[in-house]
2 protein chains.
Amino acid sequence: MMITELKAFVLLAETGSVQAVAERLPLTQPAVTRQLQRLESLLDVSLLDRRAKPARLTSAGQAVLREARKVLAAVDELKRAASTNAQPQGTLRLGVVHALADAQLADGLEALGARYPGLGLQLASGWTNELLPRIDQGELDAAVVFMAGTAGGVPHAPGRLLATEEIVFLAARKTALGRHPTLLELNQIGWVLTPDGLCGSRSALRAAVESAGAPLHIAAEVHDVGLQLSLAERGLGVALLPRQRAMALRRPQLRRIAPPGLRLAMQVSLVQAPHLGALQQAVDWLAQRLAGQDRQP
Amino acid sequence: MMITELKAFVLLAETGSVQAVAERLPLTQPAVTRQLQRLESLLDVSLLDRRAKPARLTSAGQAVLREARKVLAAVDELKRAASTNAQPQGTLRLGVVHALADAQLADGLEALGARYPGLGLQLASGWTNELLPRIDQGELDAAVVFMAGTAGGVPHAPGRLLATEEIVFLAARKTALGRHPTLLELNQIGWVLTPDGLCGSRSALRAAVESAGAPLHIAAEVHDVGLQLSLAERGLGVALLPRQRAMALRRPQLRRIAPPGLRLAMQVSLVQAPHLGALQQAVDWLAQRLAGQDRQP
DNA sequence: GTACGTTACGGCGTACGTAAGAATA
DNA sequence: TATTCTTACGTACGCCGTAACGTAC
């Protein structure tokens, strides 16, 4: 109630004629008359001075006209804010898996802030299996996660696939290994893994090792990637790292190893809550950027 | 359409429960649910994340919530402006008869401006018979006018009676007149009248003189009251003036005369257009002040 | 007289309440 | 299981269009 009446009233003030209002709504004259009457009865004020035939606005009508324009402007503003094309406002709550929370991501987020100045950003890093429930809980709007597995069959991650990346094995050059070490040889050295490595790489690795006839030998479980690499450099284990990240390293004491029979890969994907509204385009923009750079150095 | 839905939505955001909204509107739960659905469909946005049972607002919902509050605030503002109790805004277009457009009125108008700071004032002076049509034409909101006639029967003026005032006769002391001159004696000197004296005093005077057996002898017709008095002082005619105004004069050369058989009077009244809305209280205030002072010096 | 706006009447759409169903906590 | 929200159905209210009327220019 009331907004349509206000529109009619403002139009009347602008055109000066009920007829003209009726044509532009479009409606019949009686309908417009009744809308105006309805508005007067809702507000309990005489808005029109009907002593003359092209009725004039009363002084109360003048005052109401000003306020009516404000109301309609506010309604337009609301519709604009509701439309998916609107400039995103508010805060985008973004989750990122630990392993990708690096400088490259920071660049992307900075660019996001530049692209959408009105948008606040709230970042949360966590493991894939932590982030996904938080999206379901409505705590996050979107998250960059990954799933890992054998190169042939990575468990398909939910959301949009941003990139597929190989996971490489890194071992110390000084370690006594042949040119093409087998998986079991590497397993004897032991693996340096991330603790809650529930993104799939650990299980794929375990499956491969066990099918080769040995139990998975975990040499170390640490969060910090720098520590993982240091351990590997010291020959205390074999570390796993996404290919791009490994190539960006300046760790000459490490060598990359490709054991026969096992190629691990991971899929980076962007998961989002449904119904993001205007935030959707920001998420889309981020997805495109992250996919576009394809995490190439 | 839409405002009731926005109310429901804002209430939902505040209470967090459809149930609570339903109780406070008051409505049944299904009705509230449908209002929310309707709003979503009107805006073509998902406002609620229904994955959880006490449904949460989506990010789009957050944005819409902000704008919805603005809309409702604007609507409240409109209702306030429409209410008769609202602070008068805009311009009060006031007409005043020439004869009352004096310093005393200026005081009243100044006080009006002080009482209603938001109110603009547009003053028009004119004759009663000019002002009344302008009210009908919607050019004026109110006017202070008067009607004159014999003391017994002043033609009743439209609008509110503010004051009844006697009209006195002023003649030069030096004029050869008895202690109680008759109407015909005064008529022989002649009358100093205002030209468009259509407010009644002239016709009452003419009727009285002619019934006494002589034609109305007009010595001068001038607008300016000062000139009228100067002419009277010089013995060139008899001037007519409201009693209060005459008593405020410092014209020792003039004497006040009360001819037997004719007492003229005038009624000051305030006429207004219908449907003034919030301006009404300003008019009421002015009427009360003008009547309250009763034009006593 | 003509144009413009207002009432009168019939039809349709829409919003509500009641009651049953789905889904979450 | 209990609470909360959503869907289904019938009813009533409200708004519009057509037509007749009243009124200012």
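All values reported here derive from a predicted model rather than from experimental measurement.

Q: Please set out the domain arrangement of chain A residue by residue, giving values where relevant.
A: If you check the domain split of chain A, you get domain 1 (3-82) and domain 2 (90-292). Relative to domain 2 of chain A, the C-alpha centre of domain 1 of chain A lies at a distance of 61 Å.

Q: Which residues make up the environment of valine 145 of chain B, and what are the values?
A: Considering the arrangement of structural elements, one finds valine 145 of chain B in strand S5 (residues 142-150). In this structure valine 145 of chain B touches Val97, Thr128, Leu131, Leu132, Gln267, Val268, Ser269 and Val271 of chain B, once residues within four positions along its chain are discounted.

Q: Hey, could you go over the protein's contact with DNA strand C for me, with residue numbers and the actual values?
A: Lining the immediate environment of DNA strand C, one finds 19 residues, of which Thr33, Gln37 and Arg50 of chain A together with Thr28 and Gln35 of chain B sit closest. Of what DNA strand C places within 4 Å of the protein, 69% of the atoms are sugar or phosphate. A distance of 2.8 Å separates a phosphate oxygen of DNA strand C from a polar atom in the side chain of threonine 33 of chain A. One nitrogen or oxygen atom from the side chain of glutamine 37 of chain A is found 2.4 Å from a phosphate oxygen belonging to DNA strand C. For the surface near DNA strand C, the element with the most residues is helix H3 (residues 29-43) of chain B, which contributes five residues.

Q: Requested: an account of the packing of aromatic side chains, with residues and values cited.
A: Residue and element names in this part refer to chain A. A complete count under the given rule lists four aromatic pairs over all chains for this structure. Plain terms: the ring middles of tyrosine 116 and tryptophan 285 are 6.3 Å apart, the flat faces sit at 85° to each other, and that makes the pair edge-to-face. Remark: tryptophan 285 occurs in helix H11 (residues 279-293) and tyrosine 116 occurs in the loop between helix H5 (103-115) and strand S4 (120-126); sequence separation between them is 169 residues. Arginine 115 extends its terminal NZ or CZ atom over the ring of tyrosine 116, reaching a point 4.3 Å from the ring centre.

Q: Explain the protein's contact with DNA strand D residue by residue, including any values.
A: The full set close to DNA strand D counts 19 residues, and Gln35 of chain A together with Val18, Thr33, Gln37 and Arg50 of chain B are the nearest of them. Taken together, the sugar and phosphate atoms account for 67% of what DNA strand D places within 4 Å of the protein. Here a phosphate oxygen of DNA strand D and a side-chain polar atom of glutamine 35 of chain A are 2.8 Å apart. In this structure, a phosphate oxygen belonging to DNA strand D sits 3.5 Å away from a side-chain N or O atom of arginine 38 of chain A. Breaking the surface near DNA strand D down by element, the ones donating at least two residues are helix H3 (29-43) of chain A together with helix H2 (18-24) and H3 of chain B.

Q: Give a description of the relation of the copies chain B and chain A that names residues and reports values.
A: When chain B is brought onto chain A, the operation consists of a screw motion whose angular component is 180° and whose axial shift is 0.0 Å, with 0.1 Å RMSD remaining. What the rotation and shift describe, once combined, is the action of a two-fold rotation axis.

Q: Residue-level account of the interface of chain B and chain A, with values.
A: Counting from both sides, the interface comprises 41 residues of chain B and, opposite them, 41 residues of chain A. Across the chain B to chain A interface the summed buried area is about 3400 Å²; carbon plus sulfur atoms make up 64%. At the boundary of chain B and chain A, one finds two salt bridges. For arginine 51 of chain B, the salt bridge is made with aspartate 136 of chain A, and the minimal N-O distance between the two is 3.6 Å.

Q: For the pairing of strand S9 (residues 238-242) of chain B, give the residues involved together with the corresponding values.
A: All names here are of chain B. Counting buried residues in S9 gives five out of five residues, a clear majority hidden from the surface. Burial along S9 is two-sided: the residues Val238, Leu240 and Pro242 and Ala239 and Leu241 are all buried. Here four bridges tie strand S6 (residues 160-172) to S9, and the two strands are oriented antiparallel to one another. Paired with valine 168 across the bridge in S9 is leucine 241. Note: strand S7 (residues 191-193) against S9, two bridges, orientation parallel. Looking at the pairing, tryptophan 191 lines up with valine 238 of S9.

Here is what the cut-offs are and how they apply
- Residues numbered from 1 in each chain as written.
- Chains lettered and ligands numbered in written order.
- Predicted model: local features only at pLDDT ≥ 70, side-chain atom pairs only at ≥ 80, totals over all residues.
- Heavy atoms only, no water.
- Domains from an automatic or database assignment.
- Helix = DSSP H or I, 4+ residues; strand = E, 2+ residues; numbered from the N terminus.
- Contact = heavy atoms within 4.5 Å.
- Near = heavy atom within 4 Å.
- Polar contact = N/O pair within 3.5 Å; in protein donor to acceptor, adjacent residues only side chain to side chain.
- Phe/Tyr/Trp six-rings, centres within 6.5 Å; stacked < 30°, edge-to-face > 60°.
- Lys NZ or Arg CZ within 6 Å of the ring centre and 35° of its normal.
- Least-squares fit on C-alpha atoms with pLDDT ≥ 70 in both.
- Buried area = accessible area lost by both parts, 1.4 Å probe.
- Salt bridge = Lys/Arg side-chain N within 4 Å of Asp/Glu carboxyl O.
- Buried < 20%, exposed > 50% of the residue type's maximum accessible area, 1.4 Å probe, protein only.
- Pairing = 2+ DSSP bridges.

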